[in-house]
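Geometric and topological summary
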Amino acid sequence: MKSEKLLDIKKVSHYRGTKKRQTFSIKNHRIGDTAFSIIGGPCTIRNERDLLTTADKLKQLGLHFFRGGIYKMRTSPYEFQGLGEKGLEIIKKVAHKTGLVSVSEVIAPADVKVMSEYVDILQVGTRNMHNYRLLSALGKVDNPVILKRGMCSTIKEWLFAAEHIIQAGNPSVILCERGIRTFEAETRNTLDISAIPIVRKYSTLPVIVDPSHSSGRRDLIKPLCWAAMAAGADGILLEAELAPDNAICDAQQTIDLSELKKIIQPMQKMIELWDK
Ligand code: PEP
Ligand code: MN
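Residues numbered from 1 in each chain as written. Chains lettered and ligands numbered in written order. Predicted model: local features only at pLDDT ≥ 70, side-chain atom pairs only at ≥ 80, totals over all residues. Heavy atoms only, no water.

With that out of the way, let us pick up the pattern of salt bridges. One pass over the full model with this rule turns up 19 salt bridges. Asp50 is paired through a salt bridge with Arg46; the nearest N and O atoms lie 2.9 Å apart. Here Lys113 and Glu117 are joined by a salt bridge, their closest N and O atoms 3.1 Å apart. Of this pair, Lys113 and Glu117 both sit in helix α3 (residues 112–118), separated by four residues, roughly a single helical turn. Linked through salt bridges whose partners overlap, the residues forming this network are Arg46, Arg49, Asp50 and Glu241. (Salt bridge = Lys/Arg side-chain N within 4 Å of Asp/Glu carboxyl O. Helix = DSSP H or I, 4+ residues; strand = E, 2+ residues; numbered from the N terminus.)

Let's shift gears to the site of ligand 1. The immediate surroundings of ligand 1 are formed by Arg67, Lys72, Glu105, Gln123, Gly125, Thr126, Arg127, Lys148, Arg178 and His213. Within the side chain of Gln123, one N or O atom sits 2.9 Å away from an oxygen atom of ligand 1. The contact in question runs from an oxygen atom of ligand 1 to an N or O atom on the backbone of Thr126, over 2.8 Å. The protein chains hide 94% of the 300 Å² of surface that ligand 1 would expose on its own. Class assignment of the residues belonging to the shell around ligand 1 gives a composition of no nonpolar, four polar and six charged. (Near = heavy atom within 4 Å. Polar contact = N/O pair within 3.5 Å; in protein donor to acceptor, adjacent residues only side chain to side chain. Areas by Shrake-Rupley, 256 points an atom, 1.4 Å probe, with all protein chains shown as cover. Nonpolar A, V, L, I, M, F, W, Y, C, P; charged D, E, K, R; others polar.)

Neither face of strand β6 (residues 121–124) is left uncovered, since the one carrying Ile121 and Gln123 and the one carrying Leu122 and Val124 both have all their residues buried. As judged from the three bridges shared by strand β5 (residues 101–105) and β6, these two strands associate in the parallel manner. In the strand pairing of β6, Val103 is matched with Ile121. On the question of chirality, the crossover connecting β5 to the parallel β6 by way of α3 is right-handed. In this structure, β6 lies alongside strand β7 (residues 145–148), joined through three bridges in parallel fashion. (Buried < 20%, exposed > 50% of the residue type's maximum accessible area, 1.4 Å probe, protein only. Pairing = 2+ DSSP bridges. Right-handed = clockwise from strand over helix to strand, strands pointing away.)

Okay, the coordination of the manganese ion (ligand 2) next. Summarising the metal site, the manganese ion (ligand 2) is bound by the protein donors Cys43 (SG), His213 (NE2), Glu239 (OE) and Asp250 (OD), whose distances to it range over 2.0 to 2.4 Å. Taken in sequence order, the residues that donate to the manganese ion (ligand 2) follow the motif C-x169-H-x25-E-x10-D. Of this pair, Cys43 sits in the loop between β3 (37–41) and α1 (48–60) while Asp250 sits in the loop between β10 (235–239) and α9 (257–275), and the two are 207 residues apart along the sequence. Of the two residues examined, Cys43 and Asp250, each falls in the buried class. (Donors = N, O, S within 2.8 Å, 3.2 Å for Na, K, Ca; no water.)

It is worth stressing that arrangement in space is one thing and function is another; only the former is reported here.
Take a look at the structure:
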């Protein structure tokens, strides 16, 4: 029986075939291969003091990356839309003071150039995976790009979306599985765990998992992080902050730093084993 369902993906330059999977380096931190990357932080940045305190604590836990939204694509226009430009200085300062690598979402092609000067890794959110003008604009900068899977997109569409960035000139794309829409109502989305081995099979690009937006539930973050690692993901991107109950956005899926510690300590032991 033929199981190679994605054969026409052979057209993309990151088609794996017999090639080795890729790794990227940013500020001396590797993404992909044996380097499991843990990216944590708030859904949205509130102010400099809170972000710096959280980032310092993440660093103490051994993280090299932090996340924080500045431009938020909220489903409701009545919800907080992010700090906007004010957030750019904050994220840059916090990355500088802590030495951590920053991750933040870019939502418009016109913002790409400016954001590339303030943020280390630019993220494309699920709602923008099909925004090909945005993807092409990201091809013109050198920052690695985290490309979230569209919530209603197939793996093939996602791999082709990555190709839009690569063809426009930027090879450093990290895929992020963040859950897809299904009929299941217990979770915000359904984490498509099989996407991980499938992407590893067909693409050379690193692939990470977002357990926060895929589940929408704090109590599922630990099992989903561990499942991601077991399935072969190259990292996790999750929402964590000092006082999750006060989070401006996505509080119900944001964990505190003591829970984060419990989740990542066993994972860090596994990473040490790989590195040997
Ligand atoms: C996010 O990571 O901040 C986010 C909004 O995620 P998604 O685009 O996957 O919903
Ligand atoms: Mn969020």
